Amino acid sequence: MTWTPAIGAMALASRLGRIEANALLERLLGGDVPLHQYVASPYRSVLLDIGDGHAERLLSDDSGHRLAYWPQVWAARALAYIGGEGSG
């Protein structure tokens, strides 16, 4: 099966549960996660679910410039697929 943003979002919700997935996505969207935490648990696996191969490439980029933008975009998109605050 080919990865799509919807499949990635649903995989995240299935793996963590919708409430935990929403909480982590909302932290990413709000800019509450320091860039250095993106490569650690739980954010690395969250980004790999919602950003797929693009996330893998960005996480291996030592400059981190693009990490200031894409995780928030992916989080917003994933929340659109699985629901945001109060949809638990």
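Located above this text is the structure these notes cover.
Residues numbered from 1 in each chain as written. Predicted model: local features only at pLDDT ≥ 70, side-chain atom pairs only at ≥ 80, totals over all residues. Heavy atoms only, no water.

### So, the pattern of salt bridges
Then step 1. Summed over all chains, the structure comprises two salt bridges.
Then step 2. The partner of Asp-49 in a salt bridge is Arg-15, and the shortest N-O contact between them spans 2.6 Å. In this pair, Asp-49 is assigned in helix α3 (residues 43–59) and Arg-15 in helix α1 (residues 5–16), connecting sequence segments 34 residues apart.
Then step 3. Between Arg-44 and Glu-56 there is a salt bridge; the shortest N-O distance is 3.1 Å.
Then step 4. Owing to a relative accessible area of 37%, Glu-56 belongs among the partly exposed residues under this scheme. (Salt bridge = Lys/Arg side-chain N within 4 Å of Asp/Glu carboxyl O. Helix = DSSP H or I, 4+ residues; strand = E, 2+ residues; numbered from the N terminus. Buried < 20%, exposed > 50% of the residue type's maximum accessible area, 1.4 Å probe, protein only.)

### Structural notes on the packing of aromatic side chains
Then step 1. Within the structure shown, the criterion is met by two aromatic pairs.
Then step 2. Ring geometry for Tyr-69 versus Trp-70: centroids 5.0 Å apart, planes at 80°, classification edge-to-face.
Then step 3. With relative accessibility at 48%, the residue Tyr-69 sits in the partly exposed group.
Then step 4. Grouped by ring-pair contacts, the aromatic residues Tyr-69, Trp-70 and Trp-74 constitute a single cluster. (Phe/Tyr/Trp six-rings, centres within 6.5 Å; stacked < 30°, edge-to-face > 60°.)

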